[in-house]
Amino acid sequence: MVRDLFNSASRPKELAALWQVKFGKAAVKATDNPLEELALSLSDRDFCYAALNKVSRSFAVVIQQLPEELRDPVCIFYLILRGLDSVEDDADVPVEQKLELLRSFDSLCTQDDFHLHNVGDSHDYRVLLNHFHKVSRVLNHLEPGYKNTILDICREMGEGMACFTERKVNSIRDYDLYCYYVAGLVGIGLSGLFSASGHELPQLRDQKKISNSMGLFLQKTNITRDYLEDLHSSRLFWPSEIWSQYTDEIGQFALRPEHPDSLAALNHMVTDALRHVPDCFTYMKTLRNSDVFRFCAIPQIMAMGTLSLVYDNPDVFRGVVKLRKGLTARIMVETRNMEDIFLYFKQFLKDIARKARPADPSYAVTMQRLKDIELAMEGLVLFPHKNEHATLVHTLL
Ligand code: MG
């Protein structure tokens, strides 16, 4: 906290936001007790929230902003997919066992005593999977509308992860498909949960293309930013169709971060991610409930901020590039409507345009994507209802 305050020292709005996030109404209390201890003392539901808090502090904070009745379903949805992902990521599980687990995870989750020993790619994930029956039991008490949505997504995601266990991400099509399985389906599942709650229109669950884009934009941002971490764990998802244009061996970028080829590959990855932004605007514009809106919008703004930071930045090949906590806090506190989203996006797009160099091989496409996003914003500002109407009509057809 002290370092975060220091980093934002010359930015009073960030300081105020940091304070609000840390100590305000939405603050989530951190506990130092180990998760295995909490598993013994807490009820199933309280354990789920404690586990969520351990495995993703930021998601635990955002979830508090959702309408009350959506919190449990979204918390359980997140934990189940985290459990599945942890099976996918554990390099020590033999392939046969992994494929079997990924393909049956949804039906295992319906059993009240389901848990896994010694599976998971970090200590907290291992504890979570070891006590997964607590998650299953809360899942099994959810209303069928929520429960079925969660299980349908889990089934399709497990199947997709199993496919990609034995298949590489080569083409951009593969990349889109892999991201659909691990993130696009999260967007589609959340739309299903929002519709089931009655807080959003029933048609939202059918908006698969734009729901998918919401997930793809976040996932591609992470995949691009996490180059070095993923390289070290031999789980890199940059498609060879992109990186092979700049090197014969993807690990080379880490050896020469400042080299124009390394930066060209990075900028190509950022440019590819920008493709999904107009769909994300359409999605967020469709939302009715202000809490659901904030829950969806905050991660999108943070992703755009991260992409602008990552663009043409050799530090991606040296370590972790992250938004200042103060800026993250400000985004959390200040995001209310489409205009707020546009304000942040405009700033971040300007940052990319400022760094873009005509010598970069993707320059023309990058600039075109920035223009497309600009146009999408103008369209929504000038004809806000036209777009909404078009979306609705499209849905009803
Ligand atoms: Mg994974």
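Figured I'd write up the structure that's included with this text. (Residues numbered from 1 in each chain as written. Predicted model: local features only at pLDDT ≥ 70, side-chain atom pairs only at ≥ 80, totals over all residues. Heavy atoms only, no water.)

1. As for the overall build of the chain
- A tally of helices and strands in the chain yields 22 helices and zero strands.
- Taken over the C-alpha trace, the chain has a radius of gyration of 21 Å; the compact-globule value for 397 residues is 21 Å, and the two agree within 12%.
- Its C-alpha atoms put the chain at 60 × 50 × 50 Å along the principal axes.
- For the chain, the proportion of its 397 residues judged to be buried stands at 55%.
- Across the chain, every contact between residues at least 6 apart in sequence was considered, and the portion connecting residues at least 24 apart equals 72%.
- Carbon together with sulfur atoms contributes 53% to the accessible area of the chain, which is approximately 18,300 Å² in total.
- Averaging the locations of the 46 positively and 53 negatively charged side chains of the chain gives two centres separated by 6 Å. (Helix = DSSP H or I, 4+ residues; strand = E, 2+ residues; numbered from the N terminus. Rg over C-alpha atoms; globule rule 2.2 N^0.38 Å. Buried < 20%, exposed > 50% of the residue type's maximum accessible area, 1.4 Å probe, protein only. Contact = heavy atoms within 4.5 Å. Areas by Shrake-Rupley, 256 points an atom, 1.4 Å probe, with all protein chains shown as cover. Lys, Arg positive; Asp, Glu negative; His and termini not counted. Charge placed at Lys NZ, Arg CZ, Asp CG, Glu CD.)

2. Focus on the coordination of the magnesium ion
- Within the first shell, the magnesium ion binds the protein through Asp 85 (OD), Glu 88 (OE) and Asp 89 (OD), at distances of 2.1 to 2.3 Å.
- Counting along the primary sequence, the residues that act as donors to the magnesium ion give the motif D-x2-E-D. Here Asp 85 pairs with Glu 88, and both are found in helix H6 (residues 68–89), just three residues apart, close to one helical turn. For the pair shown, Asp 85 and Glu 88 are each scored as buried. (Donors = N, O, S within 2.8 Å, 3.2 Å for Na, K, Ca; no water.)

3. Looking at unusual backbone geometry
- Its identity is not glycine, yet Asn 118 carries a phi of approximately 55°, on the positive side.
- Relative to the elements of secondary structure, Asn 118 occurs in the loop between helix H7 (95–109) and helix H8 (123–130).
- Take Asn 118: its relative accessible area is 64%, and that puts it in the exposed class.
- One non-glycine residue, Ser 234, lies in positive phi territory at about 55°.
- The residue Ser 234 is located in the loop between helix H13 (227–232) and helix H14 (240–243) in this model.
- You can call Ser 234 exposed: its relative accessible area is 65%.

4. Quick look at the nonpolar core
- One finds Phe 105, Trp 238 and Phe 281 to be the most contacted residues of the largest nonpolar core, which totals 130 residues.
- In this view, Phe 281 contacts Met 338, Ile 341, Phe 342, Phe 345, Ile 373, Ala 376, Met 377 and Leu 380; residues no more than four positions away in its chain are not counted. (Core = buried A, V, L, I, M, F, W, Y, C linked by side-chain atoms within 4.5 Å.)

5. Focus: the pattern of salt bridges
- Overall, the coordinates contain 25 salt bridges when judged by the stated rule.
- One salt bridge in this structure joins Asp 89 and Arg 235, with 3.7 Å as the shortest N-O distance. Placement of Asp 89 in helix H6 and of Arg 235 in the loop between H13 and H14 is noted, with a sequence separation of 146 residues between them.
- For Arg 235, a relative accessible area of 26% puts it in the partly exposed group.
- Beyond isolated ion pairs, a larger network of salt bridges with shared partners links Asp 176, Lys 220, Asp 272 and Arg 275. (Salt bridge = Lys/Arg side-chain N within 4 Å of Asp/Glu carboxyl O.)

6. A word on the packing of aromatic side chains
- Applying the stated rule across the entire model yields 19 aromatic pairs.
- With centroids separated by 4.2 Å and ring planes inclined at 15°, the aromatic side chains of Phe 59 and Tyr 78 adopt a geometry described as stacked. One end of the pair, Phe 59, is in helix H5 (residues 57–63); the other, Tyr 78, is in helix H6, with 19 residues separating them in the sequence. The pair formed by Phe 59 and Tyr 78 is uniform in burial state, with each residue classed as buried.
- Both rings, one in Phe 105 and one in Phe 114, keep their centres 5.4 Å apart while their planes meet at 85°; by these two values the pair is edge-to-face. Like Phe 105, the residue Phe 114 is buried in the burial classification. (Phe/Tyr/Trp six-rings, centres within 6.5 Å; stacked < 30°, edge-to-face > 60°.)

7. Details of the side chain of Thr 149
- With respect to the helices and strands, the residue Thr 149 is situated in helix H10 (residues 144–165).
- One polar contact links the side chain of Thr 149 to the main-chain carbonyl oxygen of Gly 145, over a distance of 2.7 Å.
- If we skip the residues at most four places from it in the chain, Thr 149 touches Gly 189, Gly 192, Leu 193 and Arg 205. (Polar contact = N/O pair within 3.5 Å; in protein donor to acceptor, adjacent residues only side chain to side chain.)

8. Re the packing of H6 against helix H9 (residues 132–140)
- The interhelical angle for the contact between H6 and H9, taken along N-to-C directions, is 140°, at an axis separation of 10 Å. It follows that H6 is oblique to H9 by the angle criterion. In terms of crossing hand, the pair formed by H6 and H9 is left-handed. Contact residues: H6 offers Ile 76, Leu 79, Ile 80 and Gly 83, while H9 offers Phe 132, Val 135, Val 138 and Leu 139.
- When grouped by side-chain class, the residues that make up the contact of H6 with H9 number seven nonpolar, one polar and no charged. (Axes fitted to C-alpha atoms, helices over the stretch in contact; angles between N-to-C directions. Parallel < 35°, antiparallel > 145°, perpendicular 65-115°, else oblique. Left-handed = near helix turned anticlockwise from the far one by under 90°. Nonpolar A, V, L, I, M, F, W, Y, C, P; charged D, E, K, R; others polar.)

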